[in-house]
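Observations on the model geometry
Okay, here's what each chain looks like letter by letter:
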Amino acid sequence: MVRMGPDVPLLNEYKQEFFWKRFPQTVLGGPRFKLGYCAPPYVYVNQAVLFLTPWLFGGVGTLLCQLQLLQELYAAVLSGMLMFAAAAGVQALALHAARRSGTVVERLGAPNNLVDEEEVEFTQCISPETVRFIAPGKRFGLNVVLHTVLAGVLCGFGTWYVFLGRLTALYGSTGASLVVFVLSWVTLCIAEYSLIVNTAAETATFQAQDTYEITPLTRPLYVFIFIAVDLADRFSHAVPELQLASQTLHVVFVFLPVLWALGVLPPLDALLLWGMEQVLVFGLGGSPMSSNIRLLFMCAVSFGVAVCNYFIPSSLGVVLFSTSAGFLLSLDLSQVGALCRRQRTSFRDHRVHSGGSPSFPLTSFGWSLGCRELLLFSSLLAAATAEAGLLHHFIGSAQSQVLVTEPQGLVSYLLIILFSLCWALREIQGAYVVAGMFLNPLYPKGMSNVQSFKQKSRGLHVVAAIRRVLLYLVSPFAMVAFLSMDESLRLLHSVTVSVGLTRAFRVVWQSSEDALLQMVVVILVQLAAGSKTLPGWDALGTGVQLLLVGLLMDRLGQFVAKLKFTLTVLVTSWTEKKQRRQSAGTLLALNASLWPLVLAVVTLSAVLAAPLLPLFTLPIFLVGFPRPQRSWPGPVGMACPCPDSVFYQQMSGSLASALTTAFASGSLEFVPGSVAPGSHFLGRFQDRMVWIMILERGYGYCTVNIKGLELQETSCHTVEARRVDEVFEAAFERPERLGFTQGFNLHWGNALTPCAALAVRVYSDARNVLSGIIDSHDNLRKLQEDFMKALTWLLLRNCVQRQKGLLWSSEVGSTIGGMKSQSSQLAQTTCNPPSEAVVVESNMSSLRFRQDSSSLTSFGDWSDEDDLFGPQPARRTVALVTAEAQRGHAALHTGASLPGSVEMDSLFENMALSALQPLQPLGLSIGMPAVDRGRNPEVLRESPHLNFSCPQSEVFNLPPVWRTAPLLPSRLLSLRQLFPEEWFRFSLGRFGLAAQGEPLEDMTKALKEDEVLKELHVKVALSCLISVGAESAFTSPSYIYRLYCGDVPWTEGLDWLSSSKDLYQLTLQAFRFSFKLLFDQASLGPMESPEELFSTLEEYERDWYIGLVTERGWHDSVLQEKPFLFSLGHDLTMGTYTGRVLSLQEQLVQVGRLNGEGVRGQWANLSWELLYATNDDEERYSIQAHPFMLRNLTVQAADPPLGYPIYSSAPLHFPCL
């Protein structure tokens, strides 16, 4: 974000013009009377005629009915037939125009933005261009038929709905009837136009694209709903409620265009999902589901249970069936399928893959449905069913209506006591008490040490365990006992009683804390009434009473949260200077003068369970359309991944384990009642932001979605992250003794309220600038020595692993028989990075990368001090090139370019110029003397079998391919002093003991004295040293960085080294180990002894991944939870080299609860602003930083394509018992 502040425009000039063209079209249902350019008059006349066509045909029917020439029914049928014919004509004309223009209609349900903005050249009144502009047509042939038929039916029933005789009978006034008649036909014309001619973009948009053309059906559907109520009133026998509803809806029908324009009424898909969710939660006692399929399945099953309860003749049967069905449906049914398929192992592997290796044991209770879980759930089901049946049979039938003196009265007092205890024990679990207003003095202070924090939290854990027993074991059985003895069970075969009892027996298990609170409220009402009867209340029965109490408390909680969000937006629009726009004073004055209207908007949004939409996040409040709790239509788990996503993926498993304890203890709750689906939490650790959303909640389990926000912080992100840190510091980093002012939550008005600190296994990220280390001449001289030691150690270690069957080399495979076992694959994956990982992921020099890509090294990898062509290598003779080409050198034969070289396009297609055999006219070699390789006395032909003096030396023999370096022996002899002989003998002794399996001093001594073995390792090590250009001391940090990245400049032996993949990887790994040694010795001091160096290299091999952030091995090591990772980087802006160290450790992640209604309101505005107003400006006002609302973070956490979280987990189911 470059530009911030209150003067950022809400809409830029281009979008403002686009919006004011689109909005009138939305209001009128599709006609485009404002085009932004000159158009012939017939374009407007044609649209006006089509818009008024339904009114014309309806007027014909109405006139014939008023003249008593036709009855109402026949007049309505006539109007419908005329409209059907007109709609068919419009569709036929649109299809004909599309065929004449030679294009296929590829129009989605919502108008294309490009079509709205392009300028059309009109030629004639009914030319193809004009017809396609006015009536674009349908995409699917089925919709052509369906929409045409619906247009006729809608016009017929609409005519019947607004007959003047009907309106006069409803209101008894001709004047009022005429007003309603005229305005009602406006509504009908809008609905017909959007259905058959052209569909306007709706402000209530749920899907980003309307693939199946559902949007044209939205407005006609609401018209049919109004007509259905009127038809029910017509054919009923004078039901006062229906008559009142019909009178009211006829008036509301007039205002439907306003509701459509404001986006209050949801589209069909959102309406269906929202309706099922509300019925499931408040009517059937369930929970919102984590997916649409689960929601549909659970609604069907729960509805079937209610139907069965209605038809069961015995009250005892109803009690037993409701108790068992309620318990079973409240469990995590997603584990049943895994149990039936017997894929418990694959389920665990999926958890590890999706969330990293969890810190809890895979056999922990509740994570999968096993024998222990089945035994517990079966025992609970049997105990609950037996309790309910016995109490109802022996006590329920003899129960009187006096609550206090009967057994049900005793259970009532027990429930009140249980609620008080659970509330008190839960209140002391979090960082704040009393709805987040005051600091909890019992919560541990100081977050510097994880172990200290755990030690201080032991008392709270004991309290949490007691609460868990009371809430999940004692309370459900007490509530089942209360319901089993209820007198409403006598009133069977009533729809309301059946639904109420179905919900009551299920919510006891589905949401025990909420059910306990609702039951206590019902009991208190009965106790307050005493011996008096409440006719309207008592007649409902306990089940319906609990239903109403649950619905009322949910809406009341939403109202309070929405009111707090409203006050936050209002107050901060003036108090925050960076949020104070020029219109802030005017908007505050309007809200103050129209406060009853603002309060009505808040109340209506709470009643509808719809988000409160602050337009552009300004204090202009609208009622958003109702939608599911998830807020988004797509499946859970969509994200915009990047390399940093792997850190969130790794911590999600451990975070889910920590959330298990937090949810069970109640430390994430503020008000009475459990953490309901739709709640949002924010976690903070170092530079990481974790967004947690509750998707589903049941007995003993919870389903969440974990999102990770970007790590590369923008200016807006930084402002809000700083405020988040301040809020958490005020809660967790506080003094031991608190006064009243210090104990009060000074950030109570913030959208974030701290809850608890959770111990999570995460990677701690440390970055260091290497100035003074990588450019020190002493360190650079030491680097060559460490490189040789590391390479020698890796060669010996490679031999030992190969001898033990832990490693398989392609070069060894050509001379040594054997099969690659599964154990060797596992060892290679866990102990060593995959050999191809470094090759593929390293910089542009690797052969494999160059074969797959024709691009050169990115300009970002170059700096001013770099030598673009690397150190000057020894010039290769033409004879050497010719000999390599003749014997089919692998690296050149494949057409791969040489590492470090710059290739040019050749005439031989994909073959690089460096791979071509040089021309030798007249037997000359471009002026160079010919060299006879076969007669050169310095060329040694190695025998594949060496004569070792010690039999055990065969273990440390190297593959023959590694001994064929095309280097002169004299050159190797000149570098003989660089080989660390003492270190070789020491390492050989240590590895010899490991290879022999038992300490044999004579054998170890013989190994050390084997000169043939030593000379073999000397030759291979020095050949690798020369091949990477390290025969002289390193002098340039840029060269070290290039070599660390695998971008080895071309040298004389690089072709040979690159052809041996395993040796190349060992050499690169050795250099990275040596650089890590350089880094550690510069920070901690030099190595004191060979034993210390040997143990350090062993630690590197076992516990470290040393490579690059961009490599696949880095990603895999994070997911495998390698204890440490190291990477070398180059900051191009600062011109410095940096070292990055990741260490896996248990850290405290601070978690706070967000205002859920504030999040839903901002997401509703985001959906409206991007999908309708198409305001995708990255500097728009509604995405700017807001320290109180956390506006930028909230936008990031939205699902793509509107938001951009870098990680989003699939629904994670974890236990809460």
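By the naming in an unreviewed UniProt entry, the protein is Pecanex-like protein, taken from Xiphophorus maculatus. The record held by UniProt for the protein lists under Sequence similarities (unreviewed entry) the comment "Belongs to the pecanex family." Under the UniProt heading Subcellular location (unreviewed entry), the note attached to the protein is "Membrane".

For Lys 789, the location among the structural elements is in helix 30 (residues 777-803). Dropping the residues within four chain positions of it, Lys 789 is found in contact with Pro 980, Trp 983 and Leu 1093.

Given a rise of 1.5 Å per residue, 24 residues ought to cover 34 Å, and the 34 Å separating the end C-alpha atoms of helix 43 (residues 1061-1084) matches this to within 8%. The first or second residue beyond helix 43 is Gly 1085, which carries a positive phi of 110 degrees.

Another point: the nonpolar core. One finds Phe 956, Phe 1034 and Phe 1075 to be the most contacted residues of the largest nonpolar core, which totals 76 residues. With sequence-adjacent residues up to four places away left out, Phe 1034 is seen in contact with Leu 780, Leu 783, Gln 784, Tyr 1039, Ile 1040, Leu 1043 and Phe 1071. By size, the runner-up hydrophobic cluster in this structure holds 74 residues, among which are Leu 659, Phe 685, Cys 755 and Leu 1166.

Our next topic: the packing of aromatic side chains. Considering all chains together, one arrives at 45 aromatic pairs under this definition. Each ring, one from Tyr 310 and one from Phe 311, has its centre 5.1 Å from the other, and the planes form 90 degrees; the classification is edge-to-face. On the basis of relative accessibility, which here comes to 28%, the residue Tyr 310 falls in the partly exposed class. Judged by centre distance (6.1 Å) and plane angle (85 degrees), the rings of Phe 986 and Phe 1094 are edge-to-face. Taken as a pair, Phe 986 in helix 38 (residues 981-996) and Phe 1094 in helix 44 (residues 1090-1103) lie far apart in primary sequence, 108 residues in all. By way of ring pairs, the aromatic residues Phe 19, Trp 20, Phe 23, Phe 616, Trp 1168 and Tyr 1172 are connected into one cluster. Above the ring of Phe 1126, the side-chain terminus of Lys 1076 is found at 5.7 Å from the ring centroid.

Scanning the entire structure with this criterion turns up 38 salt bridges. Across the pair Arg 234 and Glu 72 runs a salt bridge, and its minimum N-O distance is 3.6 Å. Of this pair, Arg 234 sits in helix 9 (residues 218-235) while Glu 72 sits in helix 3 (residues 72-100), placing them 162 residues apart in sequence. We classify Glu 72 as partly exposed; its relative accessible area is 28%. Among the ionic contacts, a cluster of salt bridges with common partners joins Arg 976, Glu 981, Glu 982, Arg 985, Glu 1011, Lys 1014 and Glu 1015.

What counts, and where the lines are drawn
- Residues numbered from 1 in each chain as written.
- Predicted model: local features only at pLDDT ≥ 70, side-chain atom pairs only at ≥ 80, totals over all residues.
- Heavy atoms only, no water.
- UniProt positions renumbered as here; feature names shortened; annotations may be inferred.
- Helix = DSSP H or I, 4+ residues; strand = E, 2+ residues; numbered from the N terminus.
- Contact = heavy atoms within 4.5 Å.
- Expected span 1.5 Å × (residues − 1).
- Core = buried A, V, L, I, M, F, W, Y, C linked by side-chain atoms within 4.5 Å.
- Buried < 20%, exposed > 50% of the residue type's maximum accessible area, 1.4 Å probe, protein only.
- Phe/Tyr/Trp six-rings, centres within 6.5 Å; stacked < 30°, edge-to-face > 60°.
- Lys NZ or Arg CZ within 6 Å of the ring centre and 35° of its normal.
- Salt bridge = Lys/Arg side-chain N within 4 Å of Asp/Glu carboxyl O.

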